[in-house]
Amino acid sequence: MANDDKQSGDVGLAGDARPSPEPETLVAFYRDRAQTFTDERRAHERTSARLSNLRVAAFLLGVVAVVIGWRLAWYPAAAYGVAALSAVGFVALVVGHRRVQGSIRRARLLTAQNEQGAARIVRDWRHLPRVALPHGIPRTAMAVDLDLFGEASLYQLICQAQTTLGRRRLAEWLTTPTPAEEIPSRQQAVDELAPRVDWRQELAFLGTPESGEFPSIDGFLAWAEGPPWLAERAWLKWVSRLLPLAFWALGVLWWTDLWPQKLWLVVFLANTALSLLVSPKVHKIFARVSSRRGDIQRYAKLLEYIASERFSSPRMAALHEQLETEGHRADEQIGRLRRLMDLADLRYNQIYLPIQAATLWDFHVLAAVERWQHDVDRHVREWFEALAEIEAIA
């Protein structure tokens, strides 16, 4: 929302006597930045090409070394050593190549942002992205009459939010009357963020999904604010704790010949039956918390980036404070939940079924997730409300 006519680093805050730059100056400013990121992208692409060639070379060197050591039996110790070093080098090159690919994506997106910044100044609608009206925002007669939404609209001009939350909040501001006392605080927040071009563009980059739309969190919020499923079934919590203990205890007794009967097998079958009956419900809860695409991680990066910045305007300072709960930052809590959901992703692994039957893994992970749900309680919505408003202001 921060006005592009005030985005240059030469622009002062409210009350500054310096005049705003001329449109030509701002256009040149953004085009220079776009060229800088274009040059950066090309440099990363050259590095990427070199890394690709080195990966192929490392792979071929490893294959040749194995052939020499195994098939030809020429200095096998040295050959296998070279093969091992080639394997380590190949893995390191893969990791480095992935990071360079991420840098290429960042430079490409920042180039596009600055090209769009120049297009906003001159109202070049053809080079501005079309921003769909968020779900739940009514297209009222006033919105149509004032060209608030759609092509060549006010919303298309000022909306640089990437998440569904930020876009919806900005659309709500355009269609909902604002109390008079809130207007100055928003203006001060805009004035503070306007000169922070680098910070705002990095925020937009972090909010840009790699493909498709930024994931909606409606289902996640509904779960976070709803009743815990497992905690309300105390019998299931205790069964999920006692059955694995019984399985392992009976298994050890049988293995050491202290108990000849294979009762551990009966418990194993009971665990399997319980999993077949209840795990589908548990997996649906996991899906509401986060899909496999790393949705939570995307929001955690945005929250961490915002939390690392300092603000002086009252509104921005209040929003920043809203991202901390009882001494714990929102991004840290979201990161904690992400790590728990990494454990829940075992259900996609080939070894899931035997581990689940032996330990009732899903139930223990769900218990930990529900402890997180209890700890953060009502604060989750406050975090995302603050994120939405900061992105709308930016």
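Counting restarts for each chain, with residues numbered from 1 along the sequence as it is written. Only residues with pLDDT of at least 70 get local features here, since the model is predicted, and only at 80 or more are side-chain atom pairs given and counted; chain-wide, interface and lining totals rely on the full set of residues. To obtain the side-chain values, all non-hydrogen atoms of the structure were used and water was disregarded.

Draft legend 1. Quick look at the pattern of salt bridges. What makes a salt bridge here is a side-chain nitrogen of Lys or Arg within 4 Å of a carboxyl oxygen of Asp or Glu, nothing more. Summed over the entire model, instances satisfying the criterion amount to 20 salt bridges. For Glu182, the salt bridge identified is with Arg186, shortest N-O distance 3.3 Å. In this pair, Glu182 and Arg186 both sit in helix 6 (residues 182-193), four residues apart, roughly one turn of the helix. Classification of Arg186 as buried rests on a relative accessible area of 15%. Salt bridges sharing partners connect three or more residues here, namely Arg169, Glu172, Arg315, Glu385 and Glu389. Counting from the N terminus, the helices are the DSSP runs of H or I reaching at least four residues and the strands are the DSSP runs of E reaching at least two. Only protein chains enter the accessibility calculation, which uses a 1.4 Å probe. A residue is then buried if its area is under 20% of the maximum for its type, exposed if over 50%, and partly exposed in between.

Draft legend 2. Layout of the side chain of Glu370. Following the sequence through the fold, Glu370 ends up in helix 15 (residues 361-376). Counted as positive: Lys and Arg. Counted as negative: Asp and Glu, with His and the chain ends omitted from the count. Although Glu370 lies buried, it forms no salt bridge, and the closest oppositely charged side chain, Lys237, sits 6.5 Å away as judged by the N-O distance. When checking whether two residues touch, look at their non-hydrogen atoms; a contact exists if any pair is within 4.5 Å. The residues touching Glu370, leaving out its near neighbours within four places in the chain, are Pro228, Trp229, Leu230 and Ala231.

Draft legend 3. Quick look at helix 6. Between the first and last residue of a helix there are one fewer steps than residues, each counted as 1.5 Å, and that sum is the expected span. With 12 residues, helix 6 should reach 16 Å at 1.5 Å per residue; the first-to-last C-alpha distance of 17 Å fits that figure. Within helix 6, the full set of buried residues consists of Arg186, Ala189, Val190, Asp191, Glu192 and Leu193. Among the structural elements, helix 5 (164-175), helix 7 (197-207), helix 12 (314-322) and helix 16 (379-393) are those in contact with the buried residues of helix 6.

Draft legend 4. A look at the packing of helix 2 (residues 76-122) against helix 7. Under this scheme, a helix contributes an axis fitted over its contacting stretch, all axes are lines through C-alpha atoms, and angles between N-to-C directions fall in the 0 to 180 degree range. Taken N-terminus to C-terminus, the directions of helix 2 and helix 7 make an angle of 120°; their axes are 10 Å apart at the nearest point. It follows from the interaxial angle that helix 2 and helix 7 lie oblique. As helix 2 runs across helix 7, the sense of the crossing is right-handed. Residue-level inspection shows Arg105, Arg106, Leu109, Leu110, Gln113 and Asn114 of helix 2 in contact with helix 7, the latter providing Gln201, Glu202, Ala204 and Phe205. Residue composition of the contact of helix 2 with helix 7, grouped by class: four nonpolar, three polar and three charged. These descriptions rest on fixed angle ranges, namely under 35 degrees for roughly parallel, over 145 for roughly antiparallel, 65 to 115 for roughly perpendicular, and the rest for oblique. Here a crossing is called left-handed whenever its near helix is offset anticlockwise from the far helix by less than a right angle, and right-handed whenever the offset is clockwise. Ten residues, namely Ala, Val, Leu, Ile, Met, Phe, Trp, Tyr, Cys and Pro, are considered nonpolar, four, namely Asp, Glu, Lys and Arg, are considered charged, and the remaining ones, Gly among them, are considered polar.

Draft legend 5. Spotlight on the packing of aromatic side chains. Aromatic contacts are taken between Phe, Tyr and Trp rings whose centres are within 6.5 Å, Trp giving its six-membered ring; a plane angle under 30 degrees counts as stacked, one over 60 as edge-to-face, and the others as tilted. Enumeration according to the criterion identifies 15 aromatic pairs in this entry. Consider the rings of Phe220 and Trp223, whose centres lie 5.9 Å apart with planes at 35°: the pair is tilted. Of the two residues, Phe220 and Trp223 are both situated in helix 8 (residues 218-224); the distance of three residues between them amounts to about one turn of the helix. A single burial state applies to Phe220 and to Trp223, both of which are buried. Relative to Trp248, the ring of Phe247 lies with its centre 5.1 Å away and its plane at 80°, an arrangement referred to as edge-to-face.

Draft legend 6. Structural detail: the environment of Leu277. As for its placement among the helices and strands, Leu277 is situated in helix 10 (residues 263-289). A residue is classified by how much of its surface remains accessible, and Leu277, at 72% relative accessible area, is exposed. Each C-alpha atom, one on Leu277 and one on Arg298, is 33 Å from the other, the two residues being 21 residues apart in sequence.

Draft legend 7. Representation of unusual backbone geometry in the model. The phi dihedral of Ala152 is positive, around 55°, even though this residue is not glycine. Tracing the backbone through its elements, the reader meets Ala152 in the loop between helix 3 (141-145) and helix 4 (154-158). Here Ala152 falls in the partly exposed class, since its relative accessible area comes to 37%. Positive phi values are uncommon outside glycine, yet Leu360 reaches one of about 55°. With respect to the helices, strands and loops of the structure, Leu360 is situated in the loop between helix 14 (352-359) and helix 15.

Draft legend 8. Local environment of the environment of Arg241. Mapped onto the secondary structure, Arg241 falls in helix 9 (residues 234-255). Classification of Arg241 by relative accessible area gives partly exposed; the value is 36%. Put simply, Arg241 and Trp361 are 120 residues apart on the chain and 9.9 Å apart in space, counted from C-alpha to C-alpha.

Draft legend 9. Broad picture of the confidence of the model for the protein. On average, residues of the protein score 85 in pLDDT, and 91% of them are at 70 or above. For the protein, the element scoring lowest by mean pLDDT is strand 1 (residues 324-325), at 78; helix 15 scores highest, at 92. You can read pLDDT as the predictor saying how much it trusts each residue, on a scale of 0 to 100.

Draft legend 10. Helix 13 (residues 330-344), seen in detail. Here helix 13 is 15 residues long and its end C-alpha atoms lie 21 Å apart, about the 21 Å a rise of 1.5 Å per residue gives. Along helix 13, the positions that sit buried rather than exposed are Ala330, Asp331, Gln333, Ile334, Gly335, Leu337, Leu340, Met341 and Ala344.

Draft legend 11. Quick look at the nonpolar core. For the purposes of this section, nonpolar cores are sets of buried Ala, Val, Leu, Ile, Met, Phe, Trp, Tyr and Cys residues that join through side-chain atoms within 4.5 Å. Formed by 72 residues in total, the largest nonpolar core has its most connected members in Phe220, Trp372, Val380 and Phe384. Counting residues per element, this core draws most heavily on helix 16, at nine residues. Among residues more than four places away in sequence, those in contact with Trp372 are Phe220, Trp223, Gln333, Ile334, Arg336, Leu337, Leu340, Val380 and Trp383. Membership of the second largest hydrophobic core comes to six residues, among which are Leu26, Val27, Tyr30 and Val197.

Draft legend 12. Geometry of the packing of helix 10 against helix 14. Two elements in contact, helix 10 and helix 14, have axes separated by 8 Å at closest approach and are oriented at 110°. Accordingly, the angle class assigned to the pair helix 10 and helix 14 is roughly perpendicular. For the pair helix 10 and helix 14, contact is made by Phe268, Asn271, Thr272, Ser275, Ser279 and His283 and by Tyr352, Pro354, Gln356, Ala357 and Ala358, respectively. Classifying every residue of the contact of helix 10 with helix 14 by side-chain character gives five nonpolar, six polar and no charged.

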